[in-house]
Structure formats: C-alpha cells, structure tokens
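Residue-level structure breakdown
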Amino acid sequence: MNIVLLGAPGAGKGTQAVRIAEKYGLVHISTGDIFRANIKDNTPIGQVAKSYIDAGKLVPDEVTCEIVRQRLEKKDVSAGYVLDGFPRNLIQAHELDKFASIDVCLDIDVDEALLLERICGRRVCSCGASYHISTLNGKDTCAKCGGKLYAREDDNPETVKARLATYNIQTAPLISYYGAQNKLKTVMCGTKTPDEVFAAVCGLLG
Ligand code: AMP
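Anyway, here's the lowdown on the structure attached to this text.

Notes on the sheet that holds strand β3 (residues 81-84)
Spatial strand order, β2-β3-β1-β4-β7: 5 strands in an open sheet with parallel pairing. The sheet is open, and its two borders are formed by β2 (27-30) and β7 (184-188), each paired with just one other strand. Recorded for the sheet is a direction-independent mean angle of 20 degrees between the axes of neighbouring strands. With 5 bridges joining them, strand β1 (residues 2-7) and strand β4 (residues 104-109) adopt parallel strand pairing. Paired with L5 across the bridge in β4 is L106.

Shown next as structure tokens:
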C-alpha cells in the first residue's frame, strides 16, 4: 500500500506516519526529515533548502521531486510507503504520478486555530519522535531513544504563519486532486489525541 499523507503543518502527519508505517509494515518517507538531515550535514541540497524552509516556503519542485524519485527507487519500498509531506502542490502530485502509484491519500483535517498553538509547543527528537510541551512535564529527553529534544527552527510563530499560508494556497488543492481520483480518505481530528486519530486512521485504512 502506497499512501500520501496530507495535512497542514501541525496536523500530526509525522506522528501518524510513524505509527502507520509500523502497523502496516511500510517505509516512512518525510521530505522535511530528508531536508533537515541535509541541512545538518551541510550538503548542496541542504544549502539550497535552508533559505526556503526558514522562510516557510516550498523548496523548488525540481529538487524535491528528484529526491523523492531517487528514494522510491530503493528496494526497501517494495512493500509500500507513507509519503509524509510530499506532494505539497499540484506540480509535485503530477510528477509523482509519473514514477509512483498511489493507493490512498489520507487527509488529516485540523482546525487552523489549533495549529499555531500545537506547532509552537512542539519539541522533536532526531529519531523522528514528536512531543508537545504540555505533556512533557518539563522533560527534555526523548521517551523512545533518550535523545535531546529541541524546537525546530521553523516552528516559530512568524515562519508558521508563512507555512500555513503556503499550505492553504499550494497544498490544499491536492484534497480535490485525490478526491477526483477516488483515493481520498479524510480524518476529522478536532481536538482528538494522537491515539484517537490513529484509531480513526486504522478504521479508514482497514
Ligand atoms: P515538514 O517537516 O513536512 O513540515 O517540512 C518542513 C519544510 O520543508 C517545509 O516547510 C518546506 O519548506 C520543506 N518541504 C518539505 N516537504 C516539501 C515538499 N514536498 N516540497 C517543497 N518543500 C518541502
């Protein structure tokens, strides 16, 4: 099963992608994680991506599509994958259709008012785990691997507003794109916990 995970920044895509991948035996592919790893290692891709990420804009399509195309050529994706954060606009979706076959698009729908508060309180670990300060009780280490938690550089109010605008203008049209292909499944989250959202996701995926 090949899944595209859609949702605004802070909707919980990363958290759900990790769980979906584990339960269904899929590979989790996050373009944001790939860019952050490249920035950390100061690679040419990282140097290009950083200014766009810091501004809350999308990294150019040619760069992003090529990264995903190459990733999907690896053998480990043969049992299926969850694309977390790709595609993020119609150009990328059309490009993806040239080299992949998507079975399901899961859209995690969260009220925009909640997103800002969620993202600004987010703390992440380099292992991919994600937390919110309201449930950490002052802890700053990852419960899964013991790594040091930190706030992503682009999780500040100014960049988050730009990311939400980018989402609304460029990414939200993908809901209709996958809807028209009868591949869309929507999870209405409201204020639900990650466990409740995951239960709803499993109900939709079967
Ligand atoms: P994420 O971790 O998915 O929130 O992504 C963090 C940032 O990486 C985004 O705000 C974009 O700047 C960049 N990014 C991630 N995925 C893509 C994509 N598919 N296309 C362009 N830029 C992306």
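Description of helix α9 (residues 173-180)
Note on helix geometry: an α-helix contains 3.6 residues per turn, so any two residues three or four positions apart are oriented the same way. Buried residues of α9: L174, Y177 and Y178, and no others. The buried residues of α9 occupy an angular sector of 85 degrees when the element is viewed end-on, so they sit on one face. Along α9, the residues that are exposed and aim more than 90 degrees away from the buried face are S176 and A180. Looking at the buried side of α9, the elements it contacts are β1, α5 (90-99), β4, α8 (157-171) and β7. A positive backbone phi angle near 60 degrees is found at N182, which sits one or two residues after α9.

Quick word on the nonpolar core
Counting 25 residues, the largest nonpolar core has I3, L5, I20, V82, L106, V201 and L205 as the members making the most contacts within it. Listed by contribution, the elements that provide at least two residues to this core are β1, α1 (13-24), β4, α6 (112-120), α8 and α10 (194-205). A per-element tally of this core places α10 first, with 5 residues. The next biggest cluster of nonpolar side chains, apart from the first, holds 19 residues, and it includes V4, L6, Y81 and F86.

Topic: the site of the ligand
Around the ligand, the structure places 16 residues, and the nearest of them are T31, R36, K57, G85 and Q92. In this structure, R36 approaches the ligand through a side-chain N or O atom, which is 2.9 Å from an oxygen atom. Protein contact buries 96% of the 480 Å² of open area that the ligand shows by itself. Tallying contributions element by element places helix α2 (residues 31-40) first for the shell around the ligand, with 4 residues. A per-class count over the shell around the ligand returns 5 nonpolar, 5 polar and 6 charged.

Looking at the pattern of salt bridges
Across all of its chains, the model carries 13 salt bridges by this definition. The closest approach of N and O atoms between K98 and E95, which form a salt bridge, is 3.1 Å. Here K98 and its partner E95 are both found in helix α5, 3 residues apart, which amounts to about one turn of the helix. The exposure class assigned to K98 is exposed, which follows from its relative accessible area of 64%. Overall, E95 belongs to the partly exposed group, its relative accessible area being 27%. Taken together, the shared-partner salt bridges connect R122, R152, D154, D155 and R163 into one network.

Analysis parameters
Residues numbered from 1 in each chain as written. Predicted model: local features only at pLDDT ≥ 70, side-chain atom pairs only at ≥ 80, totals over all residues. Heavy atoms only, no water. Pairing = 2+ DSSP bridges. Helix = DSSP H or I, 4+ residues; strand = E, 2+ residues; numbered from the N terminus. Axes fitted to C-alpha atoms, helices over the stretch in contact; angles between N-to-C directions. Buried < 20%, exposed > 50% of the residue type's maximum accessible area, 1.4 Å probe, protein only. Arc of directions from axis to C-beta. Contact = heavy atoms within 4.5 Å. Core = buried A, V, L, I, M, F, W, Y, C linked by side-chain atoms within 4.5 Å. Near = heavy atom within 4 Å. Polar contact = N/O pair within 3.5 Å; in protein donor to acceptor, adjacent residues only side chain to side chain. Areas by Shrake-Rupley, 256 points an atom, 1.4 Å probe, with all protein chains shown as cover. Nonpolar A, V, L, I, M, F, W, Y, C, P; charged D, E, K, R; others polar. Salt bridge = Lys/Arg side-chain N within 4 Å of Asp/Glu carboxyl O.

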